[in-house]
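If you want the building blocks of each chain, they are given just below.
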Amino acid sequence: MRFLNVNCLITVAMTTSLAWGFEGLPSLHAPLTLVVQYENQPPAESLVEMRRELNTLLQKSSIQVEWRLREEMKEGTEVSDLVLVKFRGNCRMQTEPALLDERGPLAFTHTTDGEVLPFSEVLCDKVRVAARSAMHGGQVARGNTLMGRAMARVLAHEIYHIAGNTKGHTKEGVSKRSLTGAQLIADRIDFDILGEHALKRRDTR
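Structure report, in brief.

Quick notes on the packing of helix 4 (residues 143-164) against helix 6 (residues 193-200)
- Where helix 4 meets helix 6, the closest approach of the two axes is 7 Å, and the angle between their N-to-C directions is 55°. Classified by the angle between their axes, helix 4 and helix 6 sit oblique to one another. Both helix 4 and helix 6 take part in a crossing whose hand is left-handed. Taking contact as the criterion, the partners of Ile-159, Tyr-160, Ala-163 and Gly-164 in helix 4 are, on helix 6, Gly-195, Ala-198 and Leu-199.
- Its residues placed into classes, the contact of helix 4 with helix 6 shows five nonpolar, two polar and no charged.

Focus: unusual backbone geometry
- At Ser-62, a residue that is not glycine, the phi angle is positive and equals roughly 65°.
- Within the secondary structure, Ser-62 is located in the loop between helix 2 (44-58) and strand 2 (65-69).

Here we look at empty space enclosed by the protein
- Taken as a whole and assessed by the stated rule, the structure comprises one cavity of 30 Å³ or more.
- In this structure, the largest cavity occupies an estimated 30 Å³ of space.
- Lining the largest cavity, in full, are Thr-56, Leu-57, Lys-60, Asp-190, Phe-191 and Glu-196.

Considering helix 2
- With 15 residues, helix 2 should cover 21 Å at 1.5 Å per step; its first-to-last C-alpha distance of 21 Å lies within 8% of that length.
- Considered for burial, the residues of helix 2 that qualify are Ser-46, Leu-47, Glu-49, Met-50, Glu-53, Leu-54, Leu-57 and Leu-58. All buried residues of helix 2 lie within an arc of 170° about the axis, which places them on one face of the element. Pointing more than 90 degrees away from the buried face of helix 2 are the exposed residues Ala-44 and Val-48.
- Looking at the buried residues of helix 2, the elements they touch are strand 1 (32-38), strand 2, strand 3 (82-88), helix 4 and helix 6.

Topic: the packing of helix 2 against helix 4
- It is at 7 Å that the axes of helix 2 and helix 4 come closest, and there the two elements cross at 40°. Here helix 2 is positioned oblique relative to helix 4, judged by the angle of their axes. Handedness of the crossing formed by helix 2 with helix 4: right-handed. On the side of helix 2, the interface is formed by Glu-45, Ser-46, Glu-49, Met-50, Arg-52, Glu-53, Leu-54, Leu-57 and Leu-58, while helix 4 contributes Asn-144, Thr-145, Met-147, Gly-148, Arg-149, Met-151, Ala-152, Arg-153, Leu-155, Ala-156 and Ile-159.
- Of the residues in the contact of helix 2 with helix 4, the class split is ten nonpolar, four polar and six charged.

Digging into the packing of aromatic side chains
- Scanning all chains against the criterion turns up two aromatic pairs.
- Ring plane angle 35° and centroid distance 6.4 Å describe the contact between Tyr-160 and Phe-191, whose orientation is recorded as tilted. With Tyr-160 in helix 4 and Phe-191 in the loop between helix 5 (181-185) and helix 6, the pair connects residues that are 31 residues apart, well separated along the chain.
- Given the relative accessible area of 7%, Phe-191 is considered buried.

Topic: the pairing of strand 5 (residues 115-123)
- Most of strand 5 sits out of view: eight of its nine residues are buried.
- Where strand 3 lies against strand 5, five bridges are found, and the strand directions are parallel. Note that in strand 5 the partner of Arg-88 across the bridge is Leu-123.
- Across five bridges, the pairing between strand 4 (residues 107-112) and strand 5 is antiparallel. When the bridges of strand 5 are listed, Thr-109 appears paired with Ser-120.
- The loop that links strand 4 with its antiparallel partner strand 5 comprises two residues; one of these, Asp-113, has a positive phi angle of about 50°.

A short note on the environment of Glu-72
- Following the sequence through the fold, Glu-72 ends up in the loop between strand 2 and strand 3.
- Placed 36 residues apart in sequence, Glu-72 and Val-36 show a C-alpha to C-alpha distance of 9.8 Å.

Procedures and definitions
- Residues numbered from 1 in each chain as written.
- Predicted model: local features only at pLDDT ≥ 70, side-chain atom pairs only at ≥ 80, totals over all residues.
- Heavy atoms only, no water.
- Axes fitted to C-alpha atoms, helices over the stretch in contact; angles between N-to-C directions.
- Helix = DSSP H or I, 4+ residues; strand = E, 2+ residues; numbered from the N terminus.
- Parallel < 35°, antiparallel > 145°, perpendicular 65-115°, else oblique.
- Left-handed = near helix turned anticlockwise from the far one by under 90°.
- Contact = heavy atoms within 4.5 Å.
- Nonpolar A, V, L, I, M, F, W, Y, C, P; charged D, E, K, R; others polar.
- 1 Å grid on protein atoms, 1.4 Å probe; cavity = no way out; pocket = protein on both sides within 12 Å on 5 of 7 lines; lining within 4 Å.
- Points joined across faces, edges and corners; volume = space filled by probe spheres on them.
- Expected span 1.5 Å × (residues − 1).
- Buried < 20%, exposed > 50% of the residue type's maximum accessible area, 1.4 Å probe, protein only.
- Arc of directions from axis to C-beta.
- Phe/Tyr/Trp six-rings, centres within 6.5 Å; stacked < 30°, edge-to-face > 60°.
- Pairing = 2+ DSSP bridges.

Coordinates in, geometry out; function isn't part of it.
See the structure below:
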């Protein structure tokens, strides 16, 4: 995954989060509030699988996730541990075969002055193409469920960068530099030891 330093976007996002009482990620075992915004609403089976898989990936680091929709957040709402996530593009799996396009990241997290900010964007069109390229047989019929799994793994990768305040990657697991389509939809993939260690840094900040 690649980090983009886009100052105009960062300024807008920080202004919004301060209005909600954003204080970074400092508290011990406090729920991590994911405030999500969808350009196109994913189907129910994708949302269920995305939440299940993300909880599974983060459970060893004791990070509990609380999901909020962006439109539900009102000015003055106090949230201590906040990550803003925008899902861009079409988050619904298509049945026709996809042409694999490996150009560019599946998601990115904003940075400024060397600091990783809690503002991420998941590029659903690229995630969908990568995931669909690895599907075969009966997996196609479960496409939206597997799309949810893929989105969760991409999102977990970005949370690793935010929680660990790191631009680096590990050699294995969800926090490696890139995940193949097969890894996005595989039955099981975890963070490696270094990835788990980075996630736990959240408790010391």
